[in-house]
Amino acid sequence: MNGRFLCTASWDKTLLLWDIKTGKFRSSGPVILSNGHEGSVSSCVFSKDASVVVSGAYDRTVSIWDTEGECKKLTLKGHQDWVMDVAVSTDKNWILSSSKDCTIRLWNIQKSDHIRAVIETRRVMGLKIIQQQHMGRK
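This text gives an overview of the structure that appears in the document. Keep in mind the model is a prediction, meaning the values are calculated, not measured.

## Points about the environment of L96
Structurally, the position occupied by L96 is in strand β9 (residues 94–99). When its relative accessible area of 14% is taken as the criterion, L96 is described as buried. When the C-alpha positions of L96 and V62 are compared, they lie 9.5 Å apart, and in sequence the two are 34 residues distant.

## So, the side chain of S63
Assignment of secondary structure puts S63 in strand β6 (residues 61–66). Looking at S63, the relative accessible area reads 0%, which means it is buried. Reaching out from S63, the side chain makes a polar contact with the backbone oxygen of G36 at a distance of 3.1 Å. In terms of polar contacts, S63 uses its side chain to reach the side chain of H37, at 3.4 Å. Discounting chain neighbours no more than four positions away, the residues touching S63 are G36, H37, V53, V54, S55, K72, L74 and T75.

## Brief notes about the pattern of salt bridges
For side chains of opposite charge, pairing can occur when their charged atoms come near one another. Considering all chains together, one arrives at one salt bridge under this definition. Ionic pairing is found between K92 and D49, a salt bridge with its closest N-O pair at 2.9 Å. Taken together, the positions of K92 in the loop between β8 (83–88) and β9 and D49 in the loop between β4 (41–46) and β5 (52–57) put the pair 43 residues apart, joining distant regions of the chain. Classification of K92 as partly exposed rests on a relative accessible area of 27%.

## Some thoughts on the sheet that holds strand β7 (residues 71–77)
Taken in spatial order, the four strands make up an open sheet running β4-β5-β6-β7, and their pairing is antiparallel. Both outer strands of the open sheet, β4 and β7, are each paired with one neighbouring strand and no more. For this sheet, the mean angle separating the axes of adjacent strands, direction not counted, is 20 degrees. Here β4 runs beside β5; their pairing, made up of five bridges, is antiparallel.

Thresholds, definitions, all that
Residues numbered from 1 in each chain as written. Predicted model: local features only at pLDDT ≥ 70, side-chain atom pairs only at ≥ 80, totals over all residues. Heavy atoms only, no water. Helix = DSSP H or I, 4+ residues; strand = E, 2+ residues; numbered from the N terminus. Buried < 20%, exposed > 50% of the residue type's maximum accessible area, 1.4 Å probe, protein only. Polar contact = N/O pair within 3.5 Å; in protein donor to acceptor, adjacent residues only side chain to side chain. Contact = heavy atoms within 4.5 Å. Salt bridge = Lys/Arg side-chain N within 4 Å of Asp/Glu carboxyl O. Pairing = 2+ DSSP bridges. Axes fitted to C-alpha atoms, helices over the stretch in contact; angles between N-to-C directions.

None of the figures reported here should be taken as evidence of function without further support.
Structure follows, in structure tokens:
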């Protein structure tokens, strides 16, 4: 949820975008994002500006969606088990995903690449990306 939209992940392999600020969904229903996953969707998160939604699923993939165009932009593959949680950096260049395979993967969206396995053999319950800023010394 970002203040205007609510995104729900579903067992039917879809994401639903609900415009809760205007209530438009009451008359026309939610926006349906489909054909992004071959398995049930387990997690979703908005970018800070709500222009992107990132989702993880039981098909072991992470999908990046354009909310304006209502379409999938990119699919990231590399986990060996279902994706439990996802996060997106403020600048939308990095995606973090955790999986039932006990790994966390950091993806560089601009290069569509990932750092192999960041953490192994630990259970991951949630994710949060903290934007780091460099502080100058005086």
